[in-house]
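# Structural features, examined
The chain contents come next:
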There are 2 protein chains.
Amino acid sequence: MARTASLSGFPEWLPEERLVELHVLDTLRKTFELHGFSSIETRAVETVGQLLRKGEIDKEVYGLSRLQDEEAEAAKQNGSDKSDPNALALHFDLTVPFARYVVENAGYLAFPFRRYQIQKVWRGERPQEGRAREFTQADIDVVGDGELPFRYDVEIALVIAEALSALPIPDFRLRINNRKLAEGFYRGIGLTDTAGVLRSIDKLEKIGADKVAGLLKSELGATDEQAALALQLATIRTEDTSFVDQVRALGVKDALLDEGLSELQQVIEAAVQRAPGKVVADLSIARGLDYYTGTVVETVLVGHEQLGSICSGGRYDALASKGNRKFPGVGLSIGVTRLVSRILSQELASASRAVPTAVLVALNTDDSWSAAQDIAASLRGRGIATEVAAKADKFGKQIKFADRRGIPFVWFTDDDGKHQVKDIRSGEQVDADPMSWTPPEEDLHVRVTTA
Amino acid sequence: MARTASLSGFPEWLPEERLVELHVLDTLRKTFELHGFSSIETRAVETVGQLLRKGEIDKEVYGLSRLQDEEAEAAKQNGSDKSDPNALALHFDLTVPFARYVVENAGYLAFPFRRYQIQKVWRGERPQEGRAREFTQADIDVVGDGELPFRYDVEIALVIAEALSALPIPDFRLRINNRKLAEGFYRGIGLTDTAGVLRSIDKLEKIGADKVAGLLKSELGATDEQAALALQLATIRTEDTSFVDQVRALGVKDALLDEGLSELQQVIEAAVQRAPGKVVADLSIARGLDYYTGTVVETVLVGHEQLGSICSGGRYDALASKGNRKFPGVGLSIGVTRLVSRILSQELASASRAVPTAVLVALNTDDSWSAAQDIAASLRGRGIATEVAAKADKFGKQIKFADRRGIPFVWFTDDDGKHQVKDIRSGEQVDADPMSWTPPEEDLHVRVTTA
């Protein structure tokens with residue numbers, strides 16, 4: 001993996017690497033569909049107004065302009081397009097576009113609406129390991145009309161745990177918290193700018209407890225005791241529901257805190273039973289984006305914690321609305337490119353061969369191309385990926401061609417119409433009938449296996 | 001299909017429409033892989049210099065700029081970014097990016113390199129039926145190192161004919177011509193600006209023969225006789241190789257013409273045999289893009305000719321090169337969005353149900369959710385897409401929920417643990433074992449069938 005992208009932050013895979021990515025994408029799709037999630041895609045392009053309507057965002061957005069558009073060109077030179085809410089830009093996640101899609105198509109959707117969405121997104125951030133400017137996300141969300149039972153928060157976490165378990169990746173932990181719990185707690189200790197406290201706590205891993213305490217005091221007017229309590233809450237981390245007692249022991253009383261505790265307890269209880277070892281209650285998790293209102297999730301790969309979260313999301317009760325009609329939702333987003341980059345750079349998994357092709361039909365003479373196509377068609381009819389040689393080179397050269405491409409079998413037909421197939425890895429060559437021969441099961445399709 | 005896109009030219013599908021698109025994409029992928037094409041994706045973003053390096057293009061390109069990039073913002077206001085070849089823009093097709101990818105990764109690829117690529121592309125053109133600003137293309141190409149046997153031109157046409165035949169679309173015709181044939185012919189009658197003649201002939205369907213003759217005379221200095229001959233060539237259209245005699249009868253002699261005739265003859269001969277009725281030699285086909293050097297192809301849906309070409313491409317011998325090393329290629333590109341839009345707007349095909357889910361497991365009591373998840377897991381283990389109800393509503397309401405979502409089966413478990421499954425379309429309800437029950441084959445997965 002010595003290759004570097006020719007444009008920093010815009011990774012591209014070689015064909016055999018792409019097979020690993022395809023395996024990841026296929027596995028996610030299969031899991032999501034087995035759980036009844038419908039596929040949708042939204043356009044890559046949103047209006048700037050739509051992308052920024054939740055206020056200041058910390059994502060770097062790519063704006064679009066038609067190179068041949070003279071009018072816009074003139075406007076740009078007047079500096080007027082930056083503030084135009086109708087200007088177009090590339091989406092930076094799939095949640096904001098999904099919320100827009102739900103509102104626009106509410107009359108055509110059956111609620112609660114379950115969808116998965118696997119698409120590229122773009123952020124103009126400084127590229128680094130695990131952070132690209134163009135990358136693929138795989139999201140699942142459930143959105144209700146008016147209300148959405150909390151049970152979906154539990155279900156989404158379990159589906160994601162199942163999906164991640166099916167991937168060729170190291171062990172992982174969903175770190176789950178609840179904004180109601182945190183906000184209720186902050187309110188209970190007298191810190192009213194709960195969003196501000198969350199933003200500070202969100203920096204805990206980056207800048208450490210002392211600096212966060214400093215921020216809480218200098219920016220939010222917290223007392224030493226308030227800062228200490230907020231930080232104490234963030235240290236609580238349990239693999240079962242014992243976090244409830246630990247929070248209670250801090251002696252804070254608040255109705256929203258109670259609600260949050262009960263919700264997080266339900267998620268952790270179900271996870272202990274149905275996805276043992278995959279989920280922890282982690283009260284330091286805050287999530288930067290301000291549209292979350294309850295459950296919040298980040299996910300680490302065990303042993304690869306510095307890679308950052310590979311799956312994040314949560315509950316959002318107010319992201320989508322149409323007049324008085326609200327569409328609360330809950331969802332999680334897997335960072336596919338981040339995962340695949342790591343799988344490839346650390347060779348955690350690989351494809352059993354470099355190409356889909358299982359069989360190369362060799363040519364005896366240049367005139368036998370059409371007959372060779374008949375053989376290939378017969379094999380393909382049974383699902384065996386097959387190529388036909390383009391030229392009647394010497395057999396040795398045709399075998400070398402297959403070997404170079406990673407094709408395991410070469411098919412020969414002699415002048416008398418006798419067929420043989422050679423496994424070029426073992427050298428074994430056997431008689432074969434184009435109407436019935438099949439390769440061993442493990443050679444039929446490309447397989448992706450962990451190292 | 002009364003819905004219109006909220007952003008003109010950026011179509012989005014409803015979940016049941018997306019199932020049709022997914023079926024089209026899956027079918028193409030399967031066909032391409034059976035023929036040994038490897039999947040790759042290239043980044044959506046290229047430098048402007050890369051996109052425009054083949055000179056003036058007729059595609060409207062979307063340029064990118066980071067909204068938060070103060071420096072670029074300042075540059076824009078000085079009007080300096082338009083001419084910056086390092087500025088970023090969205091790709092307008094998949095051929096130019098593929099050529100760049102081949103050159104960059106030549107050391108890692110085995111040639112001839114066969115790849116398919118299914119991605120979105122963007123063009124800032126005026127949207128109309130069959131022409132979107134964001135749309136999906138599905139391309140196959142074979143690229144050689146130094147040389148590429150002509151046989152691949154034949155093979156690519158046959159693979160595409162097979163792929164299109166597998167789609168839920170009306171009958172189609174690949175209209176095939178050869179640039180060598182046309183250019184040799186023009187040269188043979190004394191018209192040396194062969195690219196200019198091709199550009200004029202390309203307008204034949206749009207402006208008619210008289211106006212093209214006028215252009216040939218006024219812009220290219222053609223005599224009446226030369227213009228007449230060029231137009232006569234463009235009227236030749238045969239379903240077999242008889243076009244060769246018809247061209248010969250025009251009495252023009254040129255070595256390049258001979259080469260082009262022989263190449264087109266090979267393609268048509270193979271197609272008559274292996275894809276009967278799907279291919280015509282059509283000597284009016286020119287293709288606008290100037291990188292084609294031999295075979296050129298456009299494809300019409302029979303009865304939907306006004307939709308424009310649904311699959312185009314051809315041979316390009318000089319698109320990709322690295323110093324003296326040339327990478328000639330041949331490829332075709334299917335306009336997936338154009339096809340899917342037509343399938344949906346004319347209801348040519350539809351999905352057997354609106355969601356992947358085959359079974360809804362109903363809840364007897366709210367406490368039975370976990371037991372219901374066990375049943376669901378058992379069904380999913382056999383590939384049956386299953387959802388669990390979120391609330392123990394009255395059974396009638398849970399059935400209604402399944403009906404509204406298009407789920408065919410509802411699973412009930414009574415207090416004694418007795419299981420039954422109901423086909424809510426027929427009303428039939430039978431005893432069922434979660435460890436063994438499966439739905440009828442035709443209900444296991446969503447099927448997409450032609451109307």
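Everything numeric here is computed off the predicted structure, so don't read it as measured data. (Residues numbered from 1 in each chain as written. Chains lettered and ligands numbered in written order. Predicted model: local features only at pLDDT ≥ 70, side-chain atom pairs only at ≥ 80, totals over all residues. Heavy atoms only, no water.)

### A closer look at the overall build of chain A
To be explicit about the condition: Comment: elements are numbered from the N terminus, with helices defined as DSSP H or I runs of at least four residues and strands as E runs of at least two. Three labels apply to residues, based on accessible area from a 1.4 Å probe with only protein chains included: buried if under 20% of the type maximum, exposed if over 50%, partly exposed otherwise in between. By definition in these notes, contact holds between two residues if any of their heavy atoms fall within 4.5 Å. Surface exposure here means Shrake-Rupley accessible area, sampled with a 1.4 Å probe, where a residue is shielded only by the protein chains that are shown. Counting rule applied: Lys, Arg positive; Asp, Glu negative; His and chain ends not counted. For charged residues, the charge sits on one atom: NZ in Lys, CZ in Arg, CG in Asp, CD in Glu.
Check the secondary structure of chain A and you find 16 helices and 19 strands. Along the three orthogonal principal directions, the C-alpha set of chain A runs to about 90 × 60 × 45 Å. Going through the 451 residues of chain A one by one, you find that 60% of them count as buried. Restricting to contacts in chain A with at least 6 residues of sequence separation, those with at least 24 account for 70%. When the accessible surface of chain A is split by element, carbon and sulfur atoms take 47% of a total near 18,000 Å². Positive and negative side-chain charges in chain A, numbering 55 and 68 respectively, have mean positions lying 2 Å apart.

### Regarding the domain arrangement of chain A
Residue and element names in this part refer to chain A. Here is the rule we go by: Note: domain ranges come from an automatic or database domain assignment. Note on terms: buried area is the combined drop in 1.4 Å-probe accessible area of two parts once they are placed together, counting the loss on both. Just to be clear on terms, a salt bridge is a Lys or Arg side-chain nitrogen sitting within 4 Å of an Asp or Glu carboxyl oxygen. Here a polar contact is taken to be a pair of N or O atoms separated by no more than 3.5 Å, where protein atoms must pair a possible hydrogen donor with a possible acceptor and residues adjacent in sequence count only if both atoms sit in side chains. In this classification, the charged set is Asp, Glu, Lys and Arg, the nonpolar set is Ala, Val, Leu, Ile, Met, Phe, Trp, Tyr, Cys and Pro, and all remaining amino acids, among them Gly, are polar.
The domains assigned to chain A are domain 1 (15-45 + 94-350), domain 2 (46-90) and domain 3 (359-450). Facing seven residues of domain 1, the contacting portion of domain 3 comprises five residues. Contact with domain 3 buries surface across domain 1, with Leu19, His23 and Ser350 losing the most and accounting together for 63% of the total. Taken together, domain 1 and domain 3 are joined by zero salt bridges. Counting every contact that joins domain 1 to domain 3 gives one residue pair in polar contact (both at pLDDT 80 or more). For the side of domain 1 that touches domain 3, the secondary structure elements donating two or more residues are helix H1 (15-34) and strand E13 (349-351). The element contributing the most residues to the side of domain 1 that touches domain 3 is H1, with three residues. Tallied by class, the residues present in the side of domain 1 that touches domain 3 amount to five nonpolar, two polar and no charged.

### A few points about the relation of the copies chain A and chain B
The cut-off we apply is this: Least squares is the method for superposing the copies, and the C-alpha atoms it fits come from residues with pLDDT of at least 70 in both.
Structural alignment of chain A on chain B gives an RMSD of 0.1 Å, achieved by rotating through 180 degrees and translating 0.0 Å along the axis. Overall, the copies show the geometry of a two-fold rotation axis. A high fraction, 100%, of the interface residues of chain A reappear at the interface in chain B, so the copies pair face to face through one surface.

### Side note on the sheet that holds strand E11 (residues 311-316) of chain B
Residue and element names in this part refer to chain B. Basically, it comes down to this: Strand pairing is assigned whenever DSSP detects at least two bridges linking the two strands. Every axis corresponds to a line fitted to the C-alpha atoms, with the helix fit spanning only the stretch in contact, and the corresponding angles, defined between N-to-C directions, vary from 0 to 180 degrees.
Pairing within the open sheet is mixed, and its nine strands lie in the order E1-E5-E6-E14-E11-E10-E7-E9-E8. Among the strands making up the open sheet, the edge pair consists of strand E1 (38-39) and strand E8 (237-238). Relative to strand E6 (residues 134-143), strand E5 (residues 113-122) runs antiparallel, the two being bridged by 10 bridges. Bridge pairing in E6 links Gln117 to Asp139. Along the sheet, helix H12 (residues 255-274) makes contact with strand E7 (172-178) and strand E9 (279-282), crossing E7 at roughly 160 degrees.

### Digging into helix H13 (residues 336-345) of chain A
Residue and element names in this part refer to chain A. Here H13 lies mainly inside the structure; eight of its 10 residues are buried. Residues of H13 that are buried: Val336, Thr337, Leu339, Val340, Ser341, Arg342, Ile343 and Leu344. The inward-facing, buried residues of H13 contact H1, strand E6 (134-143), helix H5 (151-165), strand E10 (295-301), strand E12 (325-335) and E13. Residue Glu347 follows H13 closely and has a positive phi angle near 50 degrees.

### Side note on the interface of chain A and chain B
Residue-level contacts link 95 residues of chain A with 95 residues of chain B. Summing both partners gives a buried area of about 8,600 Å² for chain A against chain B, and 52% of it is carried by carbon and sulfur. Together, Glu12, Leu67 and Arg151 of chain A form the three largest contributors to the area buried by chain A at its contact with chain B, with a combined 8%. At the junction of chain A and chain B, the tally comes to 18 salt bridges. One salt bridge connects Glu12 of chain A with Arg100 of chain B, and the closest N-O pair in it is separated by 2.9 Å. For the pair chain A and chain B, the number of links is 49 residue pairs in polar contact (both at pLDDT 80 or more). For the side of chain A that touches chain B, the element with the most residues is H1 of chain A, which contributes eight residues. Class assignment of the residues belonging to the side of chain A that touches chain B gives a composition of 40 nonpolar, 21 polar and 34 charged.

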